[in-house]
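Structural overview for review
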Amino acid sequence: MAPVIIVEGKNDKSRLRRLLKEDVLILCTFGTPSTQKLAELCKRAADRDVYIFADNDSSGKKIRWLVNEEFPDAVQIYTRRGYAGVEGTPDEYLIQQLEKAGLEEYILYPPPADPL
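The residue numbers shown here count from 1 along each chain, following its written sequence. Where local features are concerned, this predicted model is filtered to residues with pLDDT of at least 70; where side-chain atom pairs are given and counted, the filter is 80 or more; whole-chain, interface and lining totals use all residues. Water and hydrogen atoms play no part in the side-chain values, which are based on all heavy atoms of the structure.

**Thoughts on the overall build of the protein chain**
Counting secondary structure elements, the protein chain contains 4 helices and 4 strands. Strands here mean DSSP runs of E at least two residues long; helices mean DSSP runs of H or I at least four residues long; both are numbered from the N terminus. What you see in the protein chain, going N to C, is helices and strands ordered as β-α-β-α-β-α-β-α. Its C-alpha radius of gyration of 14 Å places the protein chain within 12% of the 13 Å reference for a compact globule of 116 residues. With the principal axes as the frame, the protein chain shows a C-alpha extent of 55 × 35 × 20 Å. Counting across all 116 residues of the protein chain, residues that qualify as buried make up 43%. Contacts between residues were defined by any pair of non-hydrogen atoms, one from each residue, lying within 4.5 Å. Counting contacts in the protein chain only where the partners sit at least 6 residues apart, residues at least 24 apart contribute 56% of the total. Working definition of accessibility: Shrake-Rupley area with a 1.4 Å probe, residue cover restricted to the visible protein chains. In the form shown here, the protein chain has an accessible surface area of approximately 6800 Å², with 50% of it arising from carbon and sulfur atoms. Just so you know, the count uses Lys and Arg for positive and Asp and Glu for negative, and it drops His and the chain ends. Charged side chains are reduced to one point each, which is NZ for Lys, CZ for Arg, CG for Asp and CD for Glu. The protein chain carries 16 positive and 19 negative side-chain charges, and their two centres are separated by 4 Å. We take the radius of gyration over the C-alpha atoms and set the globule estimate at 2.2 Å times the residue count to the 0.38 power. Throughout this description, buried means an accessible area under 20% of the type-specific maximum (1.4 Å probe, protein chains only), exposed means over 50%, and partly exposed covers the range between.

Structural data, given as structure tokens:
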């Protein structure tokens, strides 16, 4: 079964959606998740492997901590400090991080550049 990646917002989701196969479920917390939102995430994730890909800032760290409480076995994926969150991270770096997390089979790799 394809994994679930939990991100902060819709821009993060759309950024990753371009790089991942459709069967990967990408869920948003839409900011700091409430108890109800966390329960909804748990229900939607069901028995899938969970990955958390939050921004490398104070709110992202708080969200990561809260979501990790519900999914203690989740794989953490990080973006580099200095990038404008997941949505502002270059595709090449996102792909590297997804590969590092073991998600190669779900990545939609861009075609090789034309050698002209």
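**Some thoughts on the pattern of salt bridges**
A pair is scored as a salt bridge if a Lys or Arg side-chain nitrogen falls within 4 Å of a carboxyl oxygen belonging to Asp or Glu. Applying the stated rule across the entire model yields 3 salt bridges. Its salt-bridge partner being D91, residue R18 comes within 3.1 Å of it at the nearest N-O pair. Residue R18 is located in the loop between α1 (10-17) and β2 (25-28), and its partner D91 is located in helix α4 (residues 91-100); the two are separated by 73 residues in the primary sequence. Among the residues examined, R18 registers a relative accessible area of 47% and is labelled partly exposed. E40 serves as the salt-bridge partner of K37, at 3.5 Å between the closest nitrogen and oxygen. Here K37 pairs with E40, and both are found in helix α2 (residues 35-45), just 3 residues apart, close to one helical turn. By relative accessible area, K37 is classed as buried at 16%. One continuous salt-bridge network, built from bridges that share partners, spans R15, R18 and D91.

**Overview of the pairing of β2**
A pair of strands is considered paired only if DSSP assigns at least 2 bridges between the two. As paired strands, strand β1 (residues 4-7) and β2 are joined by 4 bridges and run parallel to one another. Across the sheet, the residue bridging to I6 is L27, located in β2. For the handedness criterion, the strands are oriented away from the viewer, and a crossover whose path from the first strand over the helix to the second runs clockwise is classed as right-handed. The β-α-β motif built from β1, the intervening α1 and the parallel element β2 has right-handed crossover chirality.

**Thoughts on the pairing of strand β3 (residues 50-54)**
Side-chain direction in a regular strand flips from residue to residue, so the side chains alternate between the two faces of the sheet. Counting buried residues along β3, 5 of its 5 residues qualify, which places the element largely inside the surrounding structure. Every second residue of β3 is oriented toward a common face, with V50, I52 and A54 on one face and Y51 and F53 on the other, all of them buried. Bridging between β3 and strand β4 (residues 75-78) involves 4 bridges; their strand directions are parallel. Opposite Y51, over in β4, you have V75 as the bridge partner. With helix α3 (residues 58-70) bridging β3 and its parallel neighbour β4, the resulting β-α-β unit is right-handed.

**A short note on the nonpolar core**
Only buried residues count toward a nonpolar core. Its members are Ala, Val, Leu, Ile, Met, Phe, Trp, Tyr and Cys residues joined through side-chain atoms within 4.5 Å. Formed by 20 residues in total, the largest nonpolar core has its most connected members in I5, L16, L20, F53, L98 and L103. For this core, the elements supplying multiple residues, two or more each, are β1, β2, β3 and α4. Sorting elements by how many residues they give to this core places α4 first, with 3 residues. The next biggest cluster of nonpolar side chains, apart from the first, holds 12 residues, and it includes I6, L38, A45 and V50.

**A look at the side chain of R64**
Residue position: R64 is located in helix α3. We note that R64 is buried and unpaired, the nearest opposite charge coming from E8 at a distance of 6.9 Å. If near-sequence neighbours (up to four positions away) are discounted, R64 is found in contact with I52, F53, A54, Q76, I77 and Y78.

Take it as geometry only, folks, not as evidence of what the structure does.
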